[in-house]
2 protein chains.
Amino acid sequence: MTSDPLWLYDTTLRDGAQREGISLSLDDKLRIARQLDHLGIPFIEGGWPGANPKDVQFFWHLRENPLTQAEVVAFCATRRPHRRAAEEKMLEPILAAGTRWVTIFGKSWDLHVTEGLKTTLDENLAMIADTIEFLSSQGRRVIYDAEHWFDGYGDNPAYALETLKTAREAGAEWLVLCDTNGGTLPDRVGAIAQEVKDALGEGNCLGIHTHNDSGTAVANALAAVQAGARMVQGTINGYGERCGNANLCTLIPNLQVKLGYNCISETQLGSLSETSRLISEMVNLAPDDHAPFVGLSAFAHKGGIHVSAVQRNPRTYEHIDPAVVGNRRRIVISEQAGISNVLEKARRFGLDLDRQHPLSREILARLKTLEHEGYQFEAAEASFELLIREALEQRRSRFELKGFDVFCRTDSAAWDETMSSQSLATVKLTVDGQEMLTAAEGNGPVSALDAALRKALIPFYPVIAQFHLTDYKVRILDGRAGTSAKTRVLVESSNGRDRWTTVGVSVNIIEASYQAVVEALEYGLLLEDQYQPLGEPSRC
Amino acid sequence: MTSDPLWLYDTTLRDGAQREGISLSLDDKLRIARQLDHLGIPFIEGGWPGANPKDVQFFWHLRENPLTQAEVVAFCATRRPHRRAAEEKMLEPILAAGTRWVTIFGKSWDLHVTEGLKTTLDENLAMIADTIEFLSSQGRRVIYDAEHWFDGYGDNPAYALETLKTAREAGAEWLVLCDTNGGTLPDRVGAIAQEVKDALGEGNCLGIHTHNDSGTAVANALAAVQAGARMVQGTINGYGERCGNANLCTLIPNLQVKLGYNCISETQLGSLSETSRLISEMVNLAPDDHAPFVGLSAFAHKGGIHVSAVQRNPRTYEHIDPAVVGNRRRIVISEQAGISNVLEKARRFGLDLDRQHPLSREILARLKTLEHEGYQFEAAEASFELLIREALEQRRSRFELKGFDVFCRTDSAAWDETMSSQSLATVKLTVDGQEMLTAAEGNGPVSALDAALRKALIPFYPVIAQFHLTDYKVRILDGRAGTSAKTRVLVESSNGRDRWTTVGVSVNIIEASYQAVVEALEYGLLLEDQYQPLGEPSRC
């Protein structure tokens with residue numbers, strides 16, 4: 001354990017945004033920067049000003065409305081061959097960005113100098129020196145990213161070291177070893193970082209930037225830190241080109257909780273899971289439930305033995321306390337569920353149930369029967385809560401279904417071009433003793449059915465108009481039975497405040513969807529009841 | 001570099017299946033086992049026979065229909081305290097499974113012995129010895145999984161080592177160090193593996209089993225191998241509880257291509273990407289496009305400098321040759337990769353098409369439009385062949401659809417118990433100038449539609465009676481659009497001789513299914529044409 005300070009450097013806004021599927025607006029970038037600032041990241045790489053108008057505006061905006069504590073860093077290449085940095089157009093918007101810190105990347109690998117830049121090894125050194133000296137002369141503090149460092153060092157260590165020494169002598173305060181192609185394994189990263197430290201005669205100026213092409217980006221960063229690097233670059237949720245960058249949501253707890261480095265405050269660390277989820281929402285990618293430390297499943301327990309042991313002593317099955325990173329333990333309901341899982345869930349739902357309760361085993365038996373039929377409650381906690389409430393006679397039926405019809409018609413002159421189709425659903429049900437018969441159209445049979453159901457219920461429960469489906473998943477349980485196979489449908493719903501998931505199973509996909517949609521509405525209404533315990537506020 | 005043999009041990013079917021969202025049928029398990037066998041994995045952990053009927057049947061089935069080369073391994077705990085292994089009921093199904101190899105897991109951590117098993121440290125040693133000796137006496141070869149090894153060794157190294165020595169002396173051929181809670185970092189895993197090797201006086205019997213809770217499961221396994229471990233346990237795609245197990249799709253290329261160990265043949269390594277995708281289909285989880293080595297984006301280049309550089313010299317931006325793991329370079333903007341793909345496919349279908357053919361670009365454009373709409377031809381080659389034939393005017397239309405109706409009615413007195421439902425489909429089409437209007441019933445809308453379609457076509461194409469659907473998969477393409485989301489249906493069909501897959505996409509699941517079913521019938525007829533080139537056999 002150590003208490004050395006370690007500098008985190010986030011490049012979600014630049015390298016992270018290279019990930020296929022991410023496309024950030026100016027507003028997205030600003031919101032993410034504020035989130036990172038809030039998390040306590042000291043260096044935030046904002047982009048390459050000049051590369052596009054958005055990045056110019058980003059820096060301009062942050063000059064007007066600065067962050068609380070983070071340094072926003074502008075990113076750029078060294079000047080082009082055979083020019084003078086002072087006359088290099090590319091560097092003008094970097095200075096105009098007005099940041100205190102600038103990151104300049106340059107070539108470490110002779111192959112890239114001769115084949116990529118098509119210049120001489122000496123000119124590359126001149127480009128590094130001139131660019132850094134010029135920016136320093138303009139009052140900028142410089143971080144030097146040594147691109148393709150590990151490949152370059154492997155092919156020509158003397159030259160690679162020469163580029164680093166040149167950058168350092170020209171005034172770079174940090175030398176960052178980049179594994180640009182992500183092909184290096186941890187033992188080699190550690191050994192090379194050590195060799196660099198020895199060759200330079202100092203290590204405190206070293207940083208590490210890794211990619212996940214070998215599945216070891218986090219371990220590579222840790223190996224460099226353990227060899228003396230004191231700046232760690234990465235992205236939130238490991239976003240980045242190809243297989244992504246080193247994931248800061250994994251690195252930070254490893255560095256801080258396991259290895260004892262000072263990175264961010266305890267409170268900030270406690271907001272890590274929330275930050276991960278918020279940023280995944282900002283970039284519009286589904287969160288990775290299985291992400292270390294911050295994922296929804298990172299502290300999920302399935303088996304019965306696990307559950308009782310972890311309740312007695314969390315160390316038995318948890319490598320850290322989930323609260324430290326703002327996550328929480330989750331007991332998963334599944335086929336392997338024991339009675340303790342059921343009790344734990346019931347407790348969390350605020351239901352009075354203990355091991356001695358005669359209904360506990362009954363619920364477990366019902367759970368196992370349903371799971372055998374293909375229901376799956378580990379992903380559908382709302383349906384499971386309704387099941388427990390039903391056994392406890394605490395489930396309030398909102399309506400009684402009499403039946404529904406779904407009709408789909410498709411007409412086509414030429415099938416694949418001019419097909420026209422319509423779906424119509426009718427639903428008959430009793431609400432508060434009143435019989436309702438409604439009909440609605442939709443894109444397909446399930447959306448028509450959903451619409452008809454809402455139409456019947458909204459007059460009685462207007463709040464249903466605020467519920468919406470946020471996800472809809474279908475799994476064919478035994479594909480080998482062909483089109484007669486059993487279908488499981490999971491529906492995720494939201495009221496803008498909470499999210500919940502319900503499940504339905506049937507050989508008929510429309511019925512399975514109906515079950516899940518009905519439980520979603522019922523559970524949403526249950527949440528509404530619980531959120532209004534105080535009644536109307538009294539008028540003064 | 002080394003050429004030491006290294007033994008891979010796959011636990012996708014046991015530890016992998018613990019991942020939330022995975023629920024495997026017997027048939028799924030058998031198909032995955034055959035896929036792993038095909039990949040060349042020498043040890044395949046099949047499950048815990050006795051824990052559930054499915055696992056018993058799995059081993060029984062493989063005794064009747066053995067794998068080509070892999071050893072299927074049964075998994076179980078040591079006997080319970082204060083019994084005799086020979087009288088332990090739990091071990092009976094393990095022997096009945098009839099495998100040559102058995103994996104027994106036992107406690108290494110004193111905390112788990114006293115708090116979990118609630119027995120003495122000595123009794124735990126007796127449990128390990130007795131269980132292994134008994135199984136050996138019954139002719140089984142034993143792998144010993146030292147559960148919670150690293151935590152146990154941290155707390156009480158002398159006792160932890162004692163458990164390993166006990167297992168070894170009792171006859172275990174492999175001692176597997178398990179990081180059950182996944183909290184250990186690579187440097188510590190390496191150092192401890194080295195200490196164990198020194199303490200035992202041998203290292204070739206050591207294995208490593210890691211979990212990804214710290215984001216370093218792969219690096220941890222590598223560290224152990226570099227310290228001398230010679231068995232590596234993991235799962236395909238890193239499936240597993242919480243944050244998953246060590247990902248074999250990442251480990252295998254790291255071990256074999258980067259570190260030079262012998263794991264599987266070159267041909268088998270070349271099927272790694274396909275195996276990863278097939279198994280993700282079998283467990284019905286979307287493949288991770290960003291997975292190292294095997295992901296769709298693992299070798300993706302985003303145009304510009306990268307692309308021309310990588311085409312001149314792949315080393316500049318690729319850490320390995322993607323073909324080695326059966327993946328391919330993907331140029332995200334350029335159409336170049338696409339054209340070769342089309343030509344390659346056409347060649348494979350025996351169709352005459354080359355780069356100069358004016359239709360090549362037309363087909364590519366149509367392909368891109370359809371893929372943008374959500375079609376996926378990688379898994380539906382039959383549909384892709386029909387698409388190419390259509391462009392070449394070699395597609396023979398068998399019938400013309402006029403339209404179809406589907407009607408589903410559900411009546412329920414009490415919803416979940418006495419629901420009764422019926423699905424009815426009518427289809428109107430023209431075959432050989434003759435108009436057909438047929439109706440059929442089914443379990444659900446899709447099976448009714450399938451039945452009506454066959455009824456209309458069988459009088460003209462009696463061979464259709466021999467076609468049957470062997471698999472039916474549904475994926476919602478944009479779950480966030482709720483019940484209005486687009487649906488992709490993949491249908492696999494067979495005529496008893498060949499199997500083929502077709503695809504349909506629509507916001508209406510019934511239409512998507514219809515498209516896929518129609519193409520399946522058409523492609524089946526095409527195969528029949530090709531299989532009868534000789535006409536009727538002549539009568540003597």
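Residues numbered from 1 in each chain as written. Chains lettered and ligands numbered in written order. Predicted model: local features only at pLDDT ≥ 70, side-chain atom pairs only at ≥ 80, totals over all residues.

## Concerning the overall build of chain A
When helices and strands are counted, chain A shows 19 helices and 16 strands. Considering chain A as a whole, with its 540 residues, one finds that 53% of them fall into the buried category. Counting only contacts in chain A whose residues sit at least 6 apart along the sequence, the fraction spanning at least 24 positions is 67%. (Helix = DSSP H or I, 4+ residues; strand = E, 2+ residues; numbered from the N terminus. Buried ≥ 20, exposed ≤ 12 C-beta atoms within 10 Å, placed from the backbone. Contact = placed C-beta atoms within 7 Å.)

## With respect to the nonpolar core
Among the nonpolar cores identified, the biggest contains 197 residues, and Tyr144 of chain A together with Tyr144 of chain B are the most heavily contacted of them. Once residues within four sequence positions are removed from consideration, Tyr144 of chain B is found in contact with Ile104, Gly106, Ile132, Ala167, Ala172, Trp174, Leu175 and Val176 of chain B. Counting 103 residues, the second-largest nonpolar core is a separate cluster that includes Leu429 of chain A together with Cys408, Val474 and Ala485 of chain B. (Core = buried A, V, L, I, M, F, W, Y, C linked by C-beta atoms within 7 Å.)

## Here we look at the interface of chain B and chain A
The interface of chain B with chain A comprises 91 residues on the first partner and 92 residues on the second. Among the elements that line the side of chain B that touches chain A, the one with the most residues is strand E11 (residues 400-411) of chain B, at ten residues. The class makeup of the residues in the side of chain B that touches chain A is 31 nonpolar, 41 polar and 19 charged. (Nonpolar A, V, L, I, M, F, W, Y, C, P; charged D, E, K, R; others polar.)

## Thoughts on the UniProt feature "domain: Pyruvate carboxyltransferase" (unreviewed entry) in chain A
Here, the residues flagged by UniProt with the feature "domain: Pyruvate carboxyltransferase" (unreviewed entry) are residues 6-270 of chain A. Its end C-alpha atoms 18 Å apart, residues 6-270 of chain A is made of 44% helix and 17% strand. (UniProt positions renumbered as here; feature names shortened; annotations may be inferred.)

## Section: helix H5 (residues 121-137) of chain B
Three or four residues apart is the spacing at which side chains of an α-helix point the same way, because the helix has 3.6 residues per turn. All names here are of chain B. Over its 17 residues, H5 runs 24 Å from end to end, which matches the ideal 24 Å to within 8%, given 1.5 Å per residue. Within the sequence span of H5, burial applies to Asn124, Leu125, Met127, Ile128, Ala129, Asp130, Thr131, Ile132, Phe134 and Leu135. Residues of H5 that are buried in the fold lie against strand E4 (101-107), helix H4 (110-117), strand E5 (141-147) and helix H7 (157-170). Directly beyond the C-terminal end of H5, a positive phi value near 85° is found at Gly139. (Expected span 1.5 Å × (residues − 1).)

## Here's the deal with the sheet that holds strand E7 (residues 206-210) of chain B
All names here are of chain B. Within the closed barrel, the eight strands sit side by side as E1-E2-E3-E4-E5-E6-E7-E8. Their pairing is parallel. For this sheet the average axis-to-axis angle between neighbouring strands, irrespective of direction, equals 25°. Pairing between strand E1 (residues 7-10) and strand E2 (residues 43-47): two bridges, direction parallel. Bridging from a neighbouring strand, Asp10 pairs with Ile44 of E2. Sheet strands in contact with H5 are E4 and E5, and its direction is about 175° off that of E4. Against the sheet, helix H9 (residues 217-226) contacts strand E6 (174-179), E7 and strand E8 (231-234), and its axis sits at roughly 170° relative to E7. (Pairing = 2+ DSSP bridges. Axes fitted to C-alpha atoms, helices over the stretch in contact; angles between N-to-C directions.)

## Structural notes on the sheet that holds strand E16 (residues 499-506) of chain B
Residues and elements named next belong to chain B. The three strands are arranged E14-E15-E16 in an open sheet whose pairing can be described as antiparallel. The sheet is open, and its two borders are formed by strand E14 (468-476) and E16, each paired with just one other strand. Mean inter-strand twist for the sheet, computed between neighbouring axes without regard to direction, equals 20°. Relative to strand E15 (residues 487-494), E14 is paired through eight bridges, and the arrangement is antiparallel. In the sheet register, Tyr472 faces E15, and the bridge partner there is Val491. In the packing of helix H19 (residues 509-531) onto the sheet, contacts are made with E14, E15 and E16, and the angle to E16 comes to roughly 150°.

## So, the domain arrangement of chain A
Frequently, the measure chosen for interface size is the accessible area removed from exposure when the parts meet. Residue and element names in this part refer to chain A. Looking at chain A, the domain boundaries give domain 1 (7-264), domain 2 (300-391) and domain 3 (400-531). Counting residues at the interface gives eleven residues for domain 2 and twelve residues for domain 3. Here the element with the most residues in the side of domain 2 that touches domain 3 is helix H16 (residues 381-391); it accounts for four residues. Residue classes in the side of domain 2 that touches domain 3 are distributed as six nonpolar, three polar and two charged. (Domains from an automatic or database assignment.)

## Things to note about the packing of helix H18 (residues 445-457) of chain A against helix H19 (residues 509-531) of chain A
Residues and elements named next belong to chain A. Where H18 meets H19, the axes come as close as 10 Å, and the angle between the chain directions of the two elements is 35°. Like other packed secondary-structure pairs, H18 and H19 cross with a definite hand, here right-handed. The segment H18 lies against H19, with Pro445, Val446, Leu449, Asp450, Leu453 and Leu457 engaging Ile510, Ser513, Tyr514, Val517 and Leu521. (Left-handed = near helix turned anticlockwise from the far one by under 90°.)

## Brief notes about the pairing of E16 of chain B
Residue and element names in this part refer to chain B. With seven of its eight residues buried, E16 lies for the most part within the structure. Pairing of E15 with E16, which is carried by eight bridges, proceeds in the antiparallel orientation. What sits directly across from Thr487, in E16, is Ser506. Linking E15 to E16, which pair antiparallel, is a turn of four residues; within it Gly496 sits at a positive phi near 90°.

## A few points about unusual backbone geometry
All names here are of chain B. One non-glycine residue, Phe293, lies in positive phi territory at about 65°. Take Phe293: it is sitting in the loop between helix H12 (272-282) and strand E9 (300-301). A positive phi angle, close to 55°, is found at Glu393, a residue other than glycine.

## Observations regarding the pairing of strand E3 (residues 71-77) of chain A
Residues and elements named next belong to chain A. Most of E3 is tucked away, with five of its seven residues classed as buried. As judged from the four bridges shared by strand E2 (residues 43-47) and E3, these two strands associate in the parallel manner. Paired with Ile44 across the bridge in E3 is Val72. Following the backbone out of E2, through helix H2 (residues 53-64) and into the adjacent parallel E3, one traces a crossover that is right-handed. (Right-handed = clockwise from strand over helix to strand, strands pointing away.)

## Quick notes on the packing of helix H7 (residues 157-169) of chain A against helix H8 (residues 186-200) of chain A
Residue and element names in this part refer to chain A. Between H7 and H8, the least distance of the axes is 11 Å, while the angle of their chain directions is 55°. Between H7 and H8, the angle is such that the two are oblique. Along this stretch, H7 crosses H8, giving a crossing that reads as right-handed. Side by side, H7 and H8 meet where Leu161, Leu164, Lys165 and Arg168 of the first sit next to Val196, Ala199 and Leu200 of the second. Partitioned by chemical class, the residues of the contact of H7 with H8 number five nonpolar, no polar and two charged. (Parallel < 35°, antiparallel > 145°, perpendicular 65-115°, else oblique.)

## Thoughts on the environment of Glu435 of chain B
All names here are of chain B. Along the chain, Glu435 turns up in strand E13 (residues 434-442). Here Glu435 falls in the exposed class, since 11 other C-beta atoms lie within 10 Å of it. In sequence terms Glu435 and Arg409 are 26 residues apart; their C-alpha atoms lie 28 Å from each other.

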